[in-house]
Amino acid sequence: MSDKPGSMYREIDGPAYTRREYMGGIPGSKIAQHKMGDVDTDPEDYPVQISLTVEEDVQIRHGSLESARLSANRHLIKELGEKNYKMILRKFPHHVIRENKQATGAGADRVSDGMRLSFGKIVGTAARIGADERVFTIWCTPEQAPVAKDALRRAYNKMAPPCRIVVERGEKLLIA
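Quick summary incoming for the structure in this document. (Residues numbered from 1 in each chain as written. Predicted model: local features only at pLDDT ≥ 70, side-chain atom pairs only at ≥ 80, totals over all residues. Heavy atoms only, no water.)

**Considering helix H3 (residues 145–156)**
Note the cut-off: Strands here mean DSSP runs of E at least two residues long; helices mean DSSP runs of H or I at least four residues long; both are numbered from the N terminus. Working rule for helices: expected span equals 1.5 Å times residues minus one. Think of it in three bands: with a 1.4 Å probe and only protein chains considered, a residue is buried below 20% of the maximum accessible area for its type, exposed above 50%, and partly exposed in between. Directions from the helix axis toward the C-beta atoms define the arc. Note on contacts: a residue pair qualifies if any of its non-hydrogen atoms lie within 4.5 Å across the two residues.
Along its 12 residues, H3 runs 17 Å from first to last C-alpha, staying within 8% of the 16 Å computed at 1.5 Å per residue. Among all positions of H3, only Ala-145, Val-147, Ala-148, Ala-151, Leu-152 and Ala-155 are buried. Projected onto a plane normal to the axis of H3, the buried residues spread over an arc of 160 degrees and lie on a single side. Residues of H3 that are buried in the fold lie against strand E2 (48–54), helix H1 (62–80), strand E7 (134–140), strand E8 (163–169) and helix H4 (171–175).

**Brief notes about H1**
Compared with the 27 Å implied by 1.5 Å per residue over 19 residues, the 26 Å span of H1 between its first and last C-alpha is a close match. All buried positions along H1 are accounted for by His-62, Ser-64, Leu-65, Glu-66, Ala-68, Arg-69, Ala-72, Asn-73, His-75, Leu-76 and Leu-80. Contacts made by the buried residues of H1 are with strand E1 (35–37), strand E3 (58–61), strand E4 (86–89), strand E6 (121–129), E7 and H3. One or two residues past the end of H1 sits Gly-81, with phi positive at roughly 100 degrees.

**Focus: the packing of H1 against H3**
Rule in force here: What counts as an axis is a line fitted to C-alpha atoms, over the stretch in contact for a helix, and the angles between N-to-C directions run from 0 to 180 degrees. By the definition adopted for this analysis, an angle is roughly parallel if under 35 degrees, roughly antiparallel if over 145, roughly perpendicular if from 65 to 115, and oblique otherwise. Should the near helix be turned counterclockwise from the far one by less than a right angle, the crossing is left-handed, whereas a clockwise turn marks it as right-handed. Classification convention: Asp, Glu, Lys, Arg as charged; Ala, Val, Leu, Ile, Met, Phe, Trp, Tyr, Cys, Pro as nonpolar; all other residues, Gly among them, as polar.
Relative orientation of the contacting elements H1 and H3 amounts to 155 degrees, with a least axis distance of 8 Å. If you check the angle between H1 and H3, you find them roughly antiparallel. For the crossing formed where H1 meets H3, the hand is right-handed. For the pair formed by H1 and H3, the contact residues are Ala-68, Ser-71, Ala-72, His-75, Leu-76, Glu-79 and Leu-80 on the first element and Val-147, Ala-148, Asp-150, Ala-151, Arg-154 and Ala-155 on the second. Of the residues assigned to the contact of H1 with H3, the class counts are 8 nonpolar, 2 polar and 3 charged.

**Things to note about the sheet that holds E3**
Put simply, the rule is: Paired strands, in this sense, are two strands between which DSSP finds at least two bridges.
With antiparallel pairing, 3 strands are arranged side by side in an open sheet as E3-E6-E5. Whereas interior strands pair on both sides, the edge strands pair on one side only; in this sheet they are E3 and strand E5 (95–99). When the angles between neighbouring strand axes are averaged without regard to direction, this sheet yields 50 degrees. In terms of strand pairing, E5 meets E6 through 5 bridges, oriented antiparallel. Its bridge partner lying in E6, Val-96 is registered against Thr-125. Sheet strands in contact with H1 are E3 and E6, and its direction is about 75 degrees off that of E3.

Given below as structure tokens:
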């Protein structure tokens, strides 16, 4: 069975549902790694810091975060090489998403319980992200900045909310 559209889980409503010790059957996160590139290098060694920020409060599912991470990282490796940048994914999908599955088709009214006992079964996890929070950050040199910006553009095309690319450090180096 396929996932529901992201618009069903996008809004943050109610408190976070994160107490895993009381739940069973939570699917594992699809996110393979959070630090990419030259992970041993200190971020202060790079003169330019560029981040992808979200413009509104939103929940982003773990599959969407992994897809965005893969797309950006693959572009950076292809253009810059494995150890010439540092990128991190700053958010982790803690919030557990439930779905009250409904039977459809002929005779569904006899099989389905409707809204009775409608707490729902666990279907995945999501990261809750506030407005103007950073999702990805890339550290690079001024010559590599256009490639880093393009990688972040590819990442936000994989996510539902409106995003903005922000140069947080080294803006004067990019203009000069």
